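The lines below spell out each chain.
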Amino acid sequence: MPRLVIEQYDPLKGQMLQLLDEKGSLSGKHQPMLSDEEALRLYKVMRLCRVMDQKALAMQRQGRMVTYVPTAGQEAASVGAIAALRKEDWVVPAFRETPGQIARGMKLSEVLLWQRGNEQGFSVMPSYRMMPVAVPVGSQTLHAVGISWAMKLRKEPLVAMTFFGDGGTSEGDFHEAMNFAGVFQTPTVFVCQNNQWAISVPRSLQSASKTIAQKALAYGFSGVLVDGNDLFAMHLAAKEAAEKARSGLGPTLIEAFTYRLGAHTTADDPRKYRKEDDVKAWIPRDPLVRLKLYLEKRRLWSEEQERSHHEECDAKVEEAVSEMERTVYEEDAIFMHHFAEMPPHLQEQYEEFRREAR
Amino acid sequence: MAVLNMVQALNQALEQEMARDSDVVVLGEDVGVDGGVFRVTDGLHAKFPNRVFDTPLAESGIVGTAIGMAVHGMRPVAEIQFSGFVFPAMNQLVCHAARLRNRSRGAVHCPMVVRMPSQGGVRALEHHSESVEAYFAHTPGLKVVMPATPYDAKGLLTSAIRDPDPVIFMEPTKLYRSVKEEVPEEQFTVPIGKANIIQEGDDLTVVTWGSYLKEVMDVLTKAEKPSVELIDLRSISPLDTETIISSVKKTGRCLIVQEAPRSFSVSSEISARITERAFLSLKAPVQRLAGYDLIMPMPQGEHLYLVNERRIRTAIEQVMTY
Ligand SMILES: Cc1ncc(C[n+]2csc(CCOP(=O)(O)OP(=O)(O)O)c2C)c(N)n1
Ligand SMILES: [Mg+2]
């Protein structure tokens, strides 16, 4: 195998893989592994994610959603990495992964359901080979190692990709996952969405390591620091990591260097802990702005098309919202699905519940 | 006297105890600059910058290092952001905090407090609404308390910090801002292990704790009959058996109202103690209105799990007409 691009960037030296700069120009050092058509398609997906994010935030303010987890600014990290996967691969997300769910093909109305507080939103995910969101920080990383370990044992040419935050790297589970992956050489792609914040705690207080990528070295595999707001860089890194894993060469850690442009959740007020100016500095680095400039320069996209795509997204989101709001909460479902077979004591409680419901 | 909500009362308890004792430190996720996601530690970092710590996101780390600090003479108050996220720290709590005193035959002990927002009713996302007191109460060596009023919150937290043993301090999120009352400005303690008789009565003993205290009180204020003796446990472990038993001996009937799932729970233990010690006084079996044995439903289904006025009334009627 020729030397991989991701192996040319030393995390200990803080070297970061970037293909597309903030002005929308390719540096030229590496070529994107995405065709023009694919880049355009992914741009449209990213825009859809942004439109949906804004809509969900507005709805939350109107009391039509419970707590909402915003994703603005992190679209390229999710969409780029997931674009490197096959349909049969598994995705194991954290909780800030609406763009990943959309990129994986989940219906928008399904994506919205759990944020509305309905478990039904989780029930469709295995068909997308994607686990339900994991709220206990860091815990899901081990499942990805288990899934990919099973893939290896079954001699399937597949990988599992797991997402987690910078805060997630502090949990013991993350370190155990990394260690198992290294020891058993599992086909796992770890993607850290380093958005610089874990609620109010800045990245610098989360770990004394200079980069998160370098943590892989201690577990015996490679880690790469990637510009997480650059769709091409994220895709290239994920593609190489996935193909490396598929060919039996073990796990990789990708640190997507990005930024949480919004609040932690709608229950959070970031003015308590971060300056408006810090956020402003990241606006020009918005992954959507950069990709749009690139596409326009190559005459693949125009303001006209942008407008009509935006309208299309609005319509899709409106439709999803009304579908979501039409979805009736299945009351009996709270009793179902605890076991394959309902044990007698629960059966009794269920009957009592039914009687009381009348 | 100032009228405070529970968040303010807890904040005051922490601040005053930190001012009184320089060994008291506060650590946890977002407890510093942000003042905690519920603002319980608001302003403490500004007042005591070297004694309030935003830790890395790691519950086992928070509790494990707090144990070490306690062993070396500090009085750590650790915050777990939600009780649903305490599980990475269970190993440290069960295998170390709870056992240190006994396994060192008293040579080492562990004076620490682990605070955690608990229980449901606030329409929060998954893992933010659980009632997990039984896990801790089942662990020999841990004390478990859950205040249901601002006054008790301040007094119990002060006691917990001064206690020579590890105390799990559970705060019902639903009561954080919904109940206000007069709380003395000066420091005071509410003893751990003592239940509170909220109102005296002759026909029925109702035992509850945490966020359901308010639910039960709302129902009781609307009806004169039966004459209910209402007990707020405040401390789950040690349990104030004495107060419960003497009440049941007087009334002959008992209803336990609990938010946590029914099976193998605190209400199971209370019921067993009553049968063991007041059997001959009972006019009816001990009645339990407890959570179903279900995973706590998400916000849209939460009300189906929680008690309501009708269910409390029905339970009272059942135990009275047995
Ligand atoms: C085990 C656990 N502890 C605490 C929390 C509460 N909590 C939710 S998100 C969060 C911060 C997560 O930060 P990071 O991993 O960087 O992800 P981000 O929110 O930035 O996407 C915390 C502390 C949780 N969900 N799980
Ligand atoms: Mg983060």
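Since the model is a prediction, treat every value here as computed from it, not as a measurement. (Residues numbered from 1 in each chain as written. Chains lettered and ligands numbered in written order. Predicted model: local features only at pLDDT ≥ 70, side-chain atom pairs only at ≥ 80, totals over all residues. Heavy atoms only, no water.)

Trainee: I would appreciate a short explanation of the pairing of strand 2 (residues 24–28) of chain B in the present structure.
Mentor: The side chains of a regular strand alternate between the sheet's two faces. Residues and elements named next belong to chain B. For strand 2, the tally of buried residues reaches five of five residues, placing the bulk of the element in the interior. Side chains V24, V26 and G28 of strand 2 all project onto a buried face; the interleaved residues V25 and L27 project onto the opposite face, where all are buried too. Inspection of the sheet shows strand 2 paired to strand 4 (residues 75–79) by five bridges, in the parallel sense. Residue pairing for strand 4: L27 is matched across the bridge by A78. (Buried < 20%, exposed > 50% of the residue type's maximum accessible area, 1.4 Å probe, protein only. Helix = DSSP H or I, 4+ residues; strand = E, 2+ residues; numbered from the N terminus. Pairing = 2+ DSSP bridges.)

Trainee: Quick question: what am I supposed to make of the state of the cysteines here?
Mentor: Note on terminology: disulfide describes a covalent bond linking the sulfur atoms of two cysteines. For the structure shown, the criterion picks out zero disulfides over all chains. Counting only cysteine sulfurs, C49(A) is the nearest neighbor of C192(A), a cysteine outside any disulfide, at a range of 19 Å. (Disulfide = S-S within 2.5 Å.)

Trainee: What exactly am I supposed to notice about the site of ligand 1 here?
Mentor: Residues in contact with ligand 1 amount to 20 residues; listed here are only the nearest, R96(A), D166(A), G167(A), N195(A) and E59(B). One finds residues of chains A and B in close proximity to ligand 1. Between ligand 1 and the protein, one listed contact pairs a nitrogen atom with a backbone N or O atom of V137(A) at 3.0 Å. At a separation of 2.8 Å, an oxygen atom of ligand 1 approaches a polar backbone atom of W197(A). (Near = heavy atom within 4 Å. Polar contact = N/O pair within 3.5 Å; in protein donor to acceptor, adjacent residues only side chain to side chain.)

Trainee: Can you help me understand the interface of chain A and chain B in this one?
Mentor: Often, the extent of an interface is quoted as the loss of accessible area upon association of its parts. In this complex, chain A contributes 35 residues to the contact, which on the side of chain B involves 36 residues. Applying the counting rule to chain A against chain B returns two salt bridges. Here chain A is connected to chain B by eleven residue pairs in polar contact (both at pLDDT 80 or more). Sorting the residues of the side of chain A that touches chain B by element identifies helix 4 (108–115), helix 7 (203–206) and helix 13 (344–357) of chain A as the ones contributing at least two each. When residues in the side of chain A that touches chain B are grouped by element, the largest group, six residues, is from helix 13 of chain A. Class assignment for the residues of the side of chain A that touches chain B results in 16 nonpolar, twelve polar and seven charged. (Contact = heavy atoms within 4.5 Å. Salt bridge = Lys/Arg side-chain N within 4 Å of Asp/Glu carboxyl O. Nonpolar A, V, L, I, M, F, W, Y, C, P; charged D, E, K, R; others polar.)

Trainee: So what exactly am I meant to see when it comes to the pattern of salt bridges here?
Mentor: Residues and elements named next belong to chain A. Under the criterion given, the structure shown has 38 salt bridges over all chains. Between R298 and D36 there is a salt bridge, and its shortest N-O distance comes to 3.1 Å. Here R298 is found in the loop between helix 11 (287–297) and helix 12 (303–326), whereas its partner D36 is found in helix 1 (residues 36–61), with 262 residues between them in sequence. A relative accessible area of 43% means that R298 is categorised as partly exposed. Owing to a relative accessible area of 22%, D36 belongs among the partly exposed residues under this scheme. Taken together, the salt bridges that share partners define one network made up of R50, E75 and D286.

Trainee: Whenever I open this one, helix 3 (residues 59–71) of chain B confuses me. Can you help?
Mentor: Think of an α-helix as 3.6 residues a turn; residues three or four steps apart then line up on the same face. All names here are of chain B. Counted at 1.5 Å a residue, the expected span for helix 3 with its 13 residues is 18 Å, and the 18 Å between its end C-alpha atoms agrees. The set of residues buried in helix 3 consists of E59, I62, V63, A66, I67 and A70. Buried residues along helix 3 cover an arc of 130° about the axis, so they all sit on one side. Next to the buried residues of helix 3 lie strand 2, strand 4, helix 4 (90–97), helix 5 (100–103) and strand 5 (113–118). The positive-phi residue at the C-terminal boundary of helix 3 is G73, with phi of around 100°. (Expected span 1.5 Å × (residues − 1). Arc of directions from axis to C-beta.)

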